[in-house]
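Structural features, examined
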Amino acid sequence: MAKLWGGRFQAENTKLLEQFNASIPFDYKLWKYDILGSKIHSKMLCKIGVLSEEELMLIHQGLDRIAKDIQDNLFNFDIADEDIHMAIESALIRDIGEVGKKLHTARSRNDQVALDFRLYVLDSNQQIQQLLITLMQTLLEIAKDHIHTIMPGMTHLQHAQPVNFGFHIVAWCMNFKRDLERLSNSYARNNYMPLGVGAMAGTPYKNDRDMMAKDLGFIAPTLNAMDTVSDRDFALDLLYDLSMIAMHISRIAEELVLWSSYEFKFIDISDAYATGSSIMPQKKNPDVPELLRGKSGRVFGNLFALLSVMKGLPFAYNKDTQEDKERVFDSVETISLSLEILNEVLNTMSISKENMLRMAQVGHLSATDLADFLVRECGIAFREAHHITGKIVAYAESKNQDISMLDEEEMLGLDSRIKKGVKAVLNLEASMNARDSIGGTASIQTQKQIETLQEWINHYNEK
Ligand code: ARG
């Protein structure tokens with residue numbers, strides 16, 4: 001079959017070349033954007049007098065028929081067409097004849113692909129923002145129910161200080177808030193319209209790029225033609241943003257794995273989102289969180305793959321950049337699915353307040369409160385108070401007890417400098433609520449954090 005660009009060629013391409021060179025096996029996913037771009041481009045050609053009104057109508061009708069065929073699964077994506085741009089253009093020429101051959105005036109595949117791919121990236125950016133908002137809302141609903149649920153807060157994965165479960169969930173939620181802000185920043189940075197710059201240097205036609213930018217919903221046309229056809233920063237921005245999301249998901253997934261183990265039993269993942277073992281009948285495995293944790297590998301890999309493709313490329317367009325699409329498609333699809341299923345897991349898991357409290361009662365979580373009491377109420381220097389507390393911890397351990405279980409008399413007997421009222425500060429709830437500084441875990445502070453996040457989400461939804 002003759003190629004659209006075949007004028008100067010005397011021999012046919014081999015099958016092997018076609019297979020190696022083609023992007024249609026994956027870039028068919030851009031078909032909607034390609035058709036949209038062609039409609040806007042032809043409308044502009046009509047405005048500047050390259051196409052008559054009648055020719056424009058024929059082109060638009062032809063493009064609509066192609067869109068319908070693709071939607072109905074009747075379109076033949078042929079590897080001989082190389083890419084989605086030529087597949088649609090040749091289908092148009094087959095359909096409407098000579099007029100179809102005018103469509104590619106004042107356009108190159110270089111600006112065409114830059115447009116299609118940017119539209120895909122920006123759309124995906126917005127879809128993922130929506131998924132993040134849904135997830136944040138789910139997290140806030142959980143947090144709202146648990147501002148009094150005491151659990152052990154950890155550093156080094158060792159018991160540290162008592163916190164409430166809502167506070168822990170707000171910490172997760174903050175990660176996704178930053179992800180969302182990152183996405184909207186990169187959206188704004190890349191919201192410029194590539195079409196109409198031609199192969200690399202502009203075109204001799206009076207392309208009305210302002211009009212196309214407006215019609216396609218961009219802020220403005222891109223500034224420099226050479227940059228426009230060689231730039232893939234918009235794709236890398238998205239891959240980085242998605243990598244950050246993947247990293248956050250993996251940390252949360254790790255906690256879900258830990259928390260659903262017998263050692264913790266803080267949560268129980270719904271049967272609908274857990275799996276069994278083929279040999280051990282008693283097993284209920286957290287496959288979903290494990291996969292969520294594991295998916296970060298491919299998402300980080302996609303970022304690094306495209307960075308490596310772009311490194312050292314001379315300006316302007318190079319075929320290397322055809323390698324951009326599969327990496328981005330894969331990250332977008334992986335993260336979309338991950339966010340959706342994480343949301344489901346969180347919505348359906350059960351939470352054990354009892355087990356959280358039980359685990360908060362071991363590990364001497366209120367030891368810091370005891371030291372603070374010795375400083376505040378007994379006039380002891382902090383270093384010394386730290387030492388006395390350590391001795392009391394050792395005493396409690398020798399009795400196989402948590403310091404919160406010791407009674408007042410017993411403690412007063414351990415050091416003459418200790419004053420009455422010490423028992424009260426060891427209470428877990430009192431300890432948690434004592435952390436009342438801005439951003440602290442006290443139920444009142446957690447409540448404020450939840451309200452602030454809720455307002456932020458409401459404001460986002462109103463935009
Ligand atoms: N399939 C190509 C890509 O994905 C489209 C641009 C090709 N341009 C060219 N002059 N060969 O990047």
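Residues numbered from 1 in each chain as written. Predicted model: local features only at pLDDT ≥ 70, side-chain atom pairs only at ≥ 80, totals over all residues. Heavy atoms only, no water.

1. Examining the side chain of Ser186
- Mapping Ser186 onto the fold places it in helix α7 (residues 165–190).
- You can call Ser186 buried: its relative accessible area is 4%.
- For Ser186, the side chain forms a polar contact with the side chain of Asp241, separated by 2.4 Å.
- With residues near it in sequence (within four places) discarded, Ser186 still touches Asn125, Asp237 and Asp241. (Helix = DSSP H or I, 4+ residues; strand = E, 2+ residues; numbered from the N terminus. Buried < 20%, exposed > 50% of the residue type's maximum accessible area, 1.4 Å probe, protein only. Polar contact = N/O pair within 3.5 Å; in protein donor to acceptor, adjacent residues only side chain to side chain. Contact = heavy atoms within 4.5 Å.)

2. A few points about a nonpolar patch on the surface
- Together, Met200, Met226 and Phe315 line one region of the surface with nonpolar side chains, adding up to about 310 Å² of accessible area.
- Assignment of secondary structure puts Met226 in helix α9 (residues 225–230). (Patch = residues over 30% accessible without salt bridge, like charges linked within 9 Å, V, L, I, M, F, W, Y side chains within 5 Å. Areas by Shrake-Rupley, 256 points an atom, 1.4 Å probe, with all protein chains shown as cover. Salt bridge = Lys/Arg side-chain N within 4 Å of Asp/Glu carboxyl O.)

3. A look at the UniProt feature "domain: Fumarate lyase N-terminal" (unreviewed entry) in the protein chain
- Mapped onto this structure's residue numbering, the UniProt feature "domain: Fumarate lyase N-terminal" (unreviewed entry) falls at residues 7–301.
- Structurally, residues 7–301 comprises 60% helix and 6% strand, and the distance from its first C-alpha atom to its last is 40 Å. (UniProt positions renumbered as here; feature names shortened; annotations may be inferred.)

4. Points about the packing of helix α12 (residues 296–310) against helix α13 (residues 324–348)
- Contact geometry for α12 and α13: axes closest at 9 Å, N-to-C directions at 155 degrees. Viewed along their axes, α12 and α13 adopt a mutual orientation that is roughly antiparallel. Of the two elements, α12 crosses α13, and the hand of that crossing is left-handed. For the pair α12 and α13, the contacting residues are Arg298, Val299, Asn302, Ala305 and Leu306 in the first and Asp324, Arg327, Asp330, Ser331, Thr334 and Ile335 in the second. (Axes fitted to C-alpha atoms, helices over the stretch in contact; angles between N-to-C directions. Parallel < 35°, antiparallel > 145°, perpendicular 65-115°, else oblique. Left-handed = near helix turned anticlockwise from the far one by under 90°.)

5. Some details on the pairing of strand β1 (residues 150–155)
- Relative to strand β2 (residues 158–164), β1 is paired through six bridges, and the arrangement is antiparallel. Along β2, the bridge assignment pairs Met151 with Val163.
- The loop that links β1 with its antiparallel partner β2 comprises two residues; one of these, His156, has a positive phi angle of about 55 degrees. (Pairing = 2+ DSSP bridges.)

6. Focus on the packing of aromatic side chains
- Inspection of the entire model under this criterion finds 13 aromatic pairs.
- Judged by centre distance (6.4 Å) and plane angle (10 degrees), the ring pair of Phe117 and Tyr120 falls under stacked. Of this pair, Phe117 and Tyr120 both sit in helix α6 (residues 109–145), three residues apart, which is roughly one turn of that helix.
- Among the aromatic residues, ring-to-ring pairing joins Tyr33, Phe117, Tyr120, Phe234 and Phe329 into one connected group.
- Its guanidinium or amino end placed over the ring of Phe9, Arg8 lies 5.9 Å from that ring's centre, counting from NZ or CZ.
- For the cation-ring pair, Lys265 lies above Tyr262, with the distance from its terminal atom to the ring centre recorded as 4.7 Å. (Phe/Tyr/Trp six-rings, centres within 6.5 Å; stacked < 30°, edge-to-face > 60°. Lys NZ or Arg CZ within 6 Å of the ring centre and 35° of its normal.)

7. Comments concerning the side chain of His85
- With respect to the element layout, His85 can be found in helix α5 (residues 84–96).
- Using a relative accessible area of 3% as the deciding quantity, one classes His85 as buried.
- Polar side-chain contacts of His85 include one of 2.7 Å to the side chain of Asp34.
- Only 3.3 Å separates the side chain of His85 from the side chain of Asp116, close enough to count as a polar contact.
- Those residues within four positions of His85 in sequence are excluded, and the remaining contacts are Asp27, Asp34, Arg109, Gln112, Val113 and Asp116.

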